[in-house]
Amino acid sequence: MVKHIHLLETLIKSGYQPLAIKSNGKGPVHKAWTTRKISLEEIISGSKDRFGLRMGDHGLNCIDIDSKNHPHPEKMREHFYEMLKQVGFDESEVIIQSTPSTGGHIIYRAGSPRKSEVLSRTKGRETLIEVRGLKTQVLMYELDQFHRIPTLKEISQEQEVLLYQMARSFDEFSTGT
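Residues numbered from 1 in each chain as written. Predicted model: local features only at pLDDT ≥ 70, side-chain atom pairs only at ≥ 80, totals over all residues. Heavy atoms only, no water.

### Considerations on the pattern of salt bridges
Between side chains of opposite charge, a pair can form as their charged atoms come close.
Then, in step 1: Enumeration over the complete set of coordinates arrives at seven salt bridges.
Then, in step 2: Of the charged contacts in the structure, one is a salt bridge between glutamate 78 and arginine 77, with a shortest N-O distance of 3.0 Å.
Then, in step 3: A relative accessible area of 41% means that glutamate 78 is categorised as partly exposed.
Then, in step 4: Among the salt bridges present, the one from glutamate 154 reaches arginine 109, with a minimum N-O distance of 3.6 Å. Residue glutamate 154 is located in the loop between strand 8 (137-139) and helix 4 (157-168), and its partner arginine 109 is located in strand 5 (residues 104-109); the two are separated by 45 residues in the primary sequence. (Salt bridge = Lys/Arg side-chain N within 4 Å of Asp/Glu carboxyl O. Buried < 20%, exposed > 50% of the residue type's maximum accessible area, 1.4 Å probe, protein only. Helix = DSSP H or I, 4+ residues; strand = E, 2+ residues; numbered from the N terminus.)

### Some points on the layout of surface pockets
Then, in step 1: Here the largest pocket is characterised by a volume of approximately 220 Å³.
Then, in step 2: Along its surface, the largest pocket is lined by 15 residues, and Lys26, Asp64, Asp66, His105 and Tyr141 are the ones closest to its centre.
Then, in step 3: Sorting the residues of the lining of the largest pocket by element identifies strand 3 (60-65), strand 7 (127-132) and strand 8 as the ones contributing at least two each.
Then, in step 4: Broken down by element, the lining of the largest pocket gets its largest block of residues, three residues, from strand 8.
Then, in step 5: Considered class by class, the residues forming the lining of the largest pocket number five nonpolar, four polar and six charged. (1 Å grid on protein atoms, 1.4 Å probe; cavity = no way out; pocket = protein on both sides within 12 Å on 5 of 7 lines; lining within 4 Å. Points joined across faces, edges and corners; volume = space filled by probe spheres on them. Nonpolar A, V, L, I, M, F, W, Y, C, P; charged D, E, K, R; others polar.)

Keep in mind these values describe shape, not function.
The structure is reproduced here in structure tokens:
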């Protein structure tokens, strides 16, 4: 827990908002968490080991890969990551974490926060990839990686467009493929 406290303190001091997450779900325990500052004491009283991070602060956004909705979840996620490598996307400028449902998060800073938007869906309209931005949060599954958040550089607008284009290439609903 001491290790987690240091991370939470660092995030708060850097202007980011960590959140305590309900033990039986993915939602924050805090009221009005999208707009207010939440103290370290309130966070640790709400959870000892499940934390999220509010998106939108300092242009923080997340590409959320919900590959569990794809017939081949792990292949889909790995294909997306391979596409990033093929175009020379600099992974050192983002945080990539796996999720328990075989998905992944690509957390990055942009010039400004984005609104949340579904970027690709299955034929049955289930979300495959979305951007999570303002008034959302992302669970911190791999806490050790989040020490990099305060020093995360903004990706270029071109890199963000590239992320969106790659995410949209998985869309099955709009294209009817």
